[in-house]
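# Coordinate analysis (summary)
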Amino acid sequence: MYDSDVIVVGSGIGGLTAAALLARYGFRVIVCESHTIPGGAAHNFRRRGFEFDSGPSFYCGLTHSDSLNPIKQVLDAIGVSIEAISYDPLGHYHFPESTFPVYSNIERYREEVAKITPQGARELQQFEERLLPLYQAMKGIPTLALRADWQLITVLLRNYLPSLLKMLPQLLTVQSSVGNVMDATVKDPWVRRLIDLECFLLSGLKAHGTIAPEVAFMLGERSRIGVEYPVGGSGAIVNALVRGLERWGGKLLLGCHVEQILVETPRRGVSGVRIRTPQPPFSRGAKFPAFQGEQGGIIKAPIVISNASLWDTYTQLLRKEDLPSSYRDTALNTPAVDSFMHLHLGIKADGLENLTGHHVVVHDNDTDITAPGNTCMISIPSVWDATLAPEGHHVVHAYTMEPYAGWERNEQYEHRKHAKAQTLYRALERIIPHIRERVVLELIGTPLTHAHYLRRYQGTYGPAIAAGKGMFPSIHTPIQGLYRVGDSTMPGIGVPAVAASGILCANTLVNPQVVRQFFIS
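Treat the numbers as computed from the prediction; the structure is a model and nothing was measured. (Residues numbered from 1 in each chain as written. Predicted model: local features only at pLDDT ≥ 70, side-chain atom pairs only at ≥ 80, totals over all residues. Heavy atoms only, no water.)

## Regarding the overall build of the chain
Summing up its helical and strand segments, the chain has 18 helices and 20 strands in all. What you see for the chain is a C-alpha radius of gyration of 23 Å, in line with the 24 Å of a compact globule of 521 residues. Along the longest, intermediate and shortest principal axes, the C-alpha atoms of the chain span 70 × 60 × 45 Å. For the chain, buried positions account for 59% of its 521 residues. Long-range contacts, defined as pairs at least 24 residues apart, comprise 72% of the intrachain contacts of the chain with a sequence gap of at least 6. Per element, the accessible surface of the chain, about 21500 Å² overall, is 52% carbon and sulfur. Counting 48 positive and 48 negative side-chain charges, the chain places the averaged centre of each group 6 Å from the other. (Helix = DSSP H or I, 4+ residues; strand = E, 2+ residues; numbered from the N terminus. Rg over C-alpha atoms; globule rule 2.2 N^0.38 Å. Buried < 20%, exposed > 50% of the residue type's maximum accessible area, 1.4 Å probe, protein only. Contact = heavy atoms within 4.5 Å. Areas by Shrake-Rupley, 256 points an atom, 1.4 Å probe, with all protein chains shown as cover. Lys, Arg positive; Asp, Glu negative; His and termini not counted. Charge placed at Lys NZ, Arg CZ, Asp CG, Glu CD.)

## A few points about the pattern of salt bridges
Across all of its chains, the model carries 18 salt bridges by this definition. Residue Lys72 is joined to Asp76 by a salt bridge in which the shortest nitrogen-to-oxygen separation is 3.0 Å. With Lys72 and Asp76 both in helix α2 (residues 70-77), this residue pair falls four residues apart, about one helical turn. Taking relative accessible area as the criterion, Asp76 reaches 45% and is therefore assigned partly exposed. Between Arg436 and Glu429 there is a salt bridge; the shortest N-O distance is 2.9 Å. One connected set of salt bridges, linked through shared partners, spans Arg319, Glu321 and Asp322. (Salt bridge = Lys/Arg side-chain N within 4 Å of Asp/Glu carboxyl O.)

## Regarding the sheet that holds strand β8 (residues 99-102)
The strand order across the open sheet built from seven strands is β8-β7-β16-β17-β18-β15-β19, with neighbouring strands paired in mixed fashion. Edge positions in the sheet fall to β8 and β19 (439-445), since each has one partner strand and no second. Between one strand and the next, the sheet's axes are offset by a mean angle of 15°, whatever the strand orientation. With six bridges connecting them, strand β15 (residues 339-348) and β19 associate as antiparallel partners. The residue of β19 that forms the bridge with His344 is Leu443. Sheet contacts for helix α14 (residues 413-420): β15, β18 (393-402) and β19; angle to β19, the most-contacted strand, approximately 110°. Together, β15, β18 and β19 form the strand contacts of helix α16 (residues 447-454), whose direction differs from that of β15 by roughly 95°. (Pairing = 2+ DSSP bridges. Axes fitted to C-alpha atoms, helices over the stretch in contact; angles between N-to-C directions.)

## What about the sheet that holds strand β10 (residues 251-254)?
Taken together, five strands build an open sheet; the order of strands is β10-β2-β1-β14-β20 and the sheet is parallel. Edge positions in the sheet fall to β10 and β20 (482-484), since each has one partner strand and no second. Between one strand and the next, the sheet's axes are offset by a mean angle of 20°, whatever the strand orientation. Here strand β2 (residues 29-33) runs beside β10; their pairing, made up of four bridges, is parallel. Bridging across to β10, Val31 finds its partner in Leu252. Of the strands in this sheet, β1 (6-9), β14 (303-306) and β20 are in contact with helix α12 (residues 310-317), which crosses β20 at around 145°.

## Some points on the packing of α12 against helix α13 (residues 325-332)
Geometrically, a packed helix pair is captured by the angle between its two axes and the distance between the axes. The interhelical angle for the contact between α12 and α13, taken along N-to-C directions, is 135°, at an axis separation of 9 Å. By the angle class used here, α12 and α13 are oblique. Relative to α13, the crossing made by α12 is left-handed. Contacts from Leu310, Trp311, Tyr314 and Thr315 of α12 reach α13 at Tyr327, Arg328, Ala331 and Leu332. Grouping the amino acids of the contact of α12 with α13 by side-chain chemistry returns six nonpolar, one polar and one charged. (Parallel < 35°, antiparallel > 145°, perpendicular 65-115°, else oblique. Left-handed = near helix turned anticlockwise from the far one by under 90°. Nonpolar A, V, L, I, M, F, W, Y, C, P; charged D, E, K, R; others polar.)

## Things to note about helix α8 (residues 178-185)
Listing the buried residues of α8 in full gives Val178, Gly179, Val181, Met182 and Thr185. Down the axis, α8 shows its buried residues gathered within 160° of arc, on one side only. Where the residues of α8 are buried, they touch α4 (118-138), α9 (189-203) and α10 (212-225). (Arc of directions from axis to C-beta.)

## Quick notes on a nonpolar patch on the surface
A surface patch of nonpolar side chains, about 550 Å² in accessible area, is lined by Ile153, Leu157, Leu161, Leu165, Leu168 and Leu171. Of all the elements in the fold, those that place two or more residues in the nonpolar patch are α5 (151-159) and α6 (161-167). Inspection of the secondary structure puts Leu168 in the loop between α6 and α7 (171-174). Here Leu168 falls in the partly exposed class, since its relative accessible area comes to 49%. (Patch = residues over 30% accessible without salt bridge, like charges linked within 9 Å, V, L, I, M, F, W, Y side chains within 5 Å.)

## Observations concerning α4
Its 21 residues place the ends of α4 31 Å apart at the C-alpha level, agreeing with the 30 Å of an ideal helix rising 1.5 Å per residue. For α4, the set of buried residues is Gly120, Ala121, Glu123, Leu124, Phe127, Glu128, Leu131, Leu132, Leu134, Tyr135 and Ala137. Check the buried side of α4 and you find it contacts α3 (106-116), α6, α7, α8, α9 and α10. (Expected span 1.5 Å × (residues − 1).)

So this is what it looks like as structure tokens:
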């Protein structure tokens, strides 16, 4: 009756994680990806010999056996691995008045803060000491064991009771925002600004909008495990997940656009998807035999997992009548993080032997760090992995927040995108003076670029739900057999959060004993 047990719509990290785990559990899995490149917001792409990351550029715990990073746990579970390069300092923050090196080593990090504000360094230590016990408590409960249904309680009580008891003293911290912890420990204005910046880089929100477990995880991983860059860029992680998916019999169909998730009735549930593609979908092996017609067709499955955003799933992939109106309206009113301006450059590398790879530039201290163009993030990964650029060159990725509203592809579009890119060039000039003279390749991306290539609502990076202001939509939907994964289901921006969403979804679809039998000792 069915072509597959599970169809996953989209090959972002969340979708690939769920798909690879389900294939490992013995499900027949098909992943449908509109693009000709897998990875979603984490894909990489090549132009004239330069290999660019499209999104994430900062990683912790990709190869360390003690890491809590969900992506590391998944890669181990599906029997694949990646190579990564460790480095420290992890980056530099460039404020208008000075440049601040950020070290993974927590003592060295505080020493740098003490050079600016000794009292602030002591307060920062108190802040860290409030959060790091939460990280230690989380270490005893692997993300790979978790699920998103009532059986989670049984799993925790039966298998992780001692670790669960260690979590009890941390419950208040778990439920707090980072801002609450900061208010209780830090008065120094410079350190408060530093914490706000780190929260913004992590979640897209400042300290009072970021949940405490996110920063506890970040501090613990980078100080205890260290930071790494995957050899081959973000695409190396994507390719590893695809290898694991295919190793266990799953299929990835590229150039396979899902036009609609088919719903018989919400109670009877999903029956599959309708695809539209001008050419037969292709995988890494032979052509997928079910679809040779030019207009595509229908793939049948009793379970569909959407890796599209919340807004795209409910407006583009489902009919309005497929969802209860009150549920749909509430979901679509979820606030979204702004999109970004991106600047991808290939530059000449002569004379840049001491260049480091990660930088954050804040242009104006009197302007909010979340204001478009004020905080610019810069990644130069070829300082670690020379294969990303032709000999004698570097790849550069600079990006900053930019609202989607007002962008149109009209006669002013090219002028406007070059004008908006100037804040990124000014940021880069803090690190590489005369960088404009070094450029051999320039690619400028706008929110329209982001929305078009990633098929994302307004080019957003996900919900902007502040701590204590609401719950993130879960992996569940009101439709039988329809689930969701990705950045619309877990707090935070980044690979660990979306990988965790894929784990929760895959595990919810199987008996807890299956998960324990496969992975949990």
